[in-house]
Structure formats: structure tokens, C-alpha cells
Amino acid sequence: MRYSAPLTRVQAVQLGKDVGVILGTAANALHHMHGINIDSLMRAFTSSPSVEVTAARYLRALEEDLSPGEAAARAASALVHDWADAVFETQRRLTSAASEEGTK
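The rules we used
Starting from 1, residues in each chain are numbered consecutively following that chain's sequence as written. Only residues with pLDDT of at least 70 get local features here, since the model is predicted, and only at 80 or more are side-chain atom pairs given and counted; chain-wide, interface and lining totals rely on the full set of residues. Where side-chain values are given, they derive from all heavy atoms of the structure, hydrogens and water being excluded. We define a nonpolar core as any set of buried Ala, Val, Leu, Ile, Met, Phe, Trp, Tyr and Cys residues linked to one another through side-chain atoms lying within 4.5 Å. Exposure classes here rest on a 1.4 Å probe applied to the protein chains alone. A residue is buried below 20% of its type maximum, exposed above 50%, and partly exposed in between. Secondary structure elements follow DSSP: runs of H or I no shorter than four residues count as helices, runs of E no shorter than two count as strands, and numbering proceeds from the N terminus. Whether two residues are in contact is decided by their heavy atoms: any pair within 4.5 Å suffices. A pair of aromatic rings is counted whenever rings of Phe, Tyr or Trp (Trp by its six-membered ring) have centres within 6.5 Å, and the orientation is called stacked for planes under 30 degrees apart, edge-to-face for over 60 and tilted otherwise. Axis definition: a line fit to C-alpha positions, over the contact stretch in the case of helices; interaxial angles, taken between N-to-C directions, run 0 to 180 degrees. To sort the angles, those under 35 degrees are grouped as roughly parallel, those over 145 as roughly antiparallel, those from 65 to 115 as roughly perpendicular, and the leftovers as oblique. For any pair of crossing helices, the crossing counts as left-handed if the nearer helix is rotated counterclockwise from the farther one by less than a right angle, and right-handed if it is rotated clockwise. Classes in brief: Ala, Val, Leu, Ile, Met, Phe, Trp, Tyr, Cys and Pro nonpolar; Asp, Glu, Lys and Arg charged; the others, Gly included, polar.

Participant: I'd love a proper account of the nonpolar core, names of residues and values included.
Facilitator: In terms of nonpolar packing, the biggest core is built from 19 residues, with Leu15, Phe45, Tyr58 and Ala71 touching the most fellow members. Secondary-structure elements contributing two or more residues to this core are helix 1 (9–34), helix 2 (38–45), helix 3 (48–63) and helix 4 (68–102). Look past the residues within four positions of Ala71 in its chain and what remains in contact with it is Tyr58, Ala61, Leu62 and Leu66.

In C-alpha cells, the structure reads:
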């Protein structure tokens with residue numbers, strides 16, 4: 001399905017389904033490949049900012065004439081990269097804080 005602005009009710013429902021599949025697929029992949037807790041992934045991936053950014057990325061990829069599958073893959077990949085960057089940043093901050101605590 002192609003989308004148009006503003007979205008019709010049918011398009012909005014379909015976009016929600018598409019984005020839900022993207023989020024769920026990305027979470028399941030990380031869970032199965034790396035054993036990451038699926039509940040914490042789903043909480044992170046279904047936060048309002050994650051849903052909004054994923055929907056925007058998916059729509060942008062469709063506007064670039066990618067197939068729905070290619071657009072979903074691009075949006076899911078970006079979501080996983082964002083999540084990994086956030087995890088690494090959190091680990092870096094915790095390590096830095098622990099290091100500072102140890103030097104006191």
C-alpha cells in the first residue's frame with residue numbers, strides 16, 4: 001500500500017500494522033540472535049519516539065520507491081542501530097561513573 005498525506009483512516013491502520021511488524025521483527029531478531037530480554041526490547045521499541053521515528057523512516061523509504069519489504073528492512077535496521085548506540089552509550093556512562101567513583 002502506498003501512503004498519501006494526510007493519511008486516510010485505512011492508511012493509518014495499515015501503517016500501524018506495518019510499523020508493528022517492523023518493531024516486533026527487530027525485537028524478535030535481537031532476542032533470538034543474542035538472547036536479549038524480549039520484554040525490555042518491546043518496551044524500548046514501542047515507546048512513542050521509537051514508533052514515530054520508525055514510521056517516519058518507513059514512509060520515507062517508501063517515498064524513495066523502495067518496496068515495502070525493503071523499506072521495512074531499512075527502518076528495522078536503523079531501529080536496531082539506534083538501540084545498540086543507546087546501549088553502548090549507557091554502558092560507557094556507567095563505566096565512566098564507576099571509574100570516577102573508584103578514584104575518589
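Participant: Lay out the packing of aromatic side chains with the relevant residues and their values.
Facilitator: Taken as a whole and assessed by the stated rule, the structure comprises 1 aromatic pair. Taken together, a centroid distance of 6.5 Å and an interplanar angle of 70° make the contact between Tyr3 and Tyr58 edge-to-face. Of the two residues, Tyr3 sits in the segment before helix 1 while Tyr58 sits in helix 3, which places them 55 residues apart along the sequence. Tyr58 shares its class with Tyr3; the two are buried.

Participant: I'd like a description of the packing of helix 1 against helix 4, backed by residues and values.
Facilitator: At a minimum axis separation of 9 Å, helix 1 and helix 4 run at an interaxial angle of 55°. One element, helix 1, and the other, helix 4, form an angle in the oblique class. Pair helix 1 / helix 4 crosses with right-handed handedness. Contact residues: helix 1 offers Ile22, Leu23, Ala26 and Leu30, while helix 4 offers Ala72, Ala75, Ala76, Leu79, Val80 and Trp83. Considering only residue class, the contact of helix 1 with helix 4 consists of 10 nonpolar, no polar and no charged.

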